[in-house]
Amino acid sequence: MKPYTDATLKEKQRNFNNRLSRAHMVIAHGQLKGRWHVLRKCESSAAQTKLVTLACVVLHNICIAHVDAISKKCDLSIDPVTNEKRDRETVRALLGMRSCRKLKDTSD
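If you're wondering where the values come from, they're calculated on a predicted model, not measured in any experiment. (Residues numbered from 1 in each chain as written. Predicted model: local features only at pLDDT ≥ 70, side-chain atom pairs only at ≥ 80, totals over all residues. Heavy atoms only, no water.)

Q: Can you help me understand the overall build of the protein in this one?
A: In terms of helices and strands, the protein carries three helices and zero strands. With 108 residues in all, the protein has 10% of them scored as buried. Expressed as a percentage of contacts within the protein between residues at least 6 apart in sequence, the contacts between residues at least 24 apart total 30%. Accessible surface, the protein as shown: approximately 9700 Å² in total, 58% of it carbon and sulfur. (Helix = DSSP H or I, 4+ residues; strand = E, 2+ residues; numbered from the N terminus. Buried < 20%, exposed > 50% of the residue type's maximum accessible area, 1.4 Å probe, protein only. Contact = heavy atoms within 4.5 Å. Areas by Shrake-Rupley, 256 points an atom, 1.4 Å probe, with all protein chains shown as cover.)

Q: I would appreciate a short explanation of the confidence of the model for the protein in the present structure.
A: It should be kept in mind that the predicted coordinates are not to be read in detail where pLDDT is low. For the protein, the average pLDDT comes to 75, and 75% of its residues sit at 70 or higher. The least confident element of the protein is helix α1 (residues 11-35), whose mean pLDDT is 76; the most confident is helix α2 (residues 46-65), at 82. (pLDDT = per-residue confidence, 0-100.)

Q: Where do I start with the packing of aromatic side chains in this structure?
A: Remark: the centre distance and the inter-plane angle together describe each pair of aromatic rings, the angle taken between the planes. Summed over the entire model, instances satisfying the criterion amount to one aromatic pair. Seen from their ring centres, Tyr4 and Phe16 are 5.5 Å apart, and the 70° between their planes marks the pair as edge-to-face. In this pair, Tyr4 is assigned in the segment before α1 and Phe16 in helix α1, connecting sequence segments 12 residues apart. For Tyr4, a relative accessible area of 41% translates into the label partly exposed. (Phe/Tyr/Trp six-rings, centres within 6.5 Å; stacked < 30°, edge-to-face > 60°.)

Q: What's the story with unusual backbone geometry in this structure? I'm lost.
A: Peptide bonds are mostly trans, and most non-glycine residues show a negative phi. In this structure, Asn83 is a non-glycine residue whose phi angle is positive, near 65°. Along the chain, Asn83 turns up in the loop between α2 and α3 (88-94).

Structure, rendered in structure tokens:
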């Protein structure tokens with residue numbers, strides 16, 4: 001779908017553009033969180049979170065430009081020596097992530 005582009009939009013067209021824009025942002029953010037799991041939890045200051053998010057956006061765009069062809073050397077979830085899947089704690093240690101308390105599930 002494409003937004004309306006007329007210089008003077010009717011109210012229904014403006015509403016459509018706003019809803020389309022919000023849906024696009026939700027989809028794009030979902031894709032980012034799916035690819036870059038570090039975005040699922042904010043464990044840093046606002047400034048550092050902004051920097052990490054921007055880095056993920058740049059990397060995401062690079063992936064799209066190269067049709068997701070990322071070298072297996074960059075995949076930290078697989079041990080390059082044994083070719084086995086690494087556990088979550090090992091990957092978190094490689095990324096230098098801090099441990100944090102679990103957040104309550106508020107989806108109920």
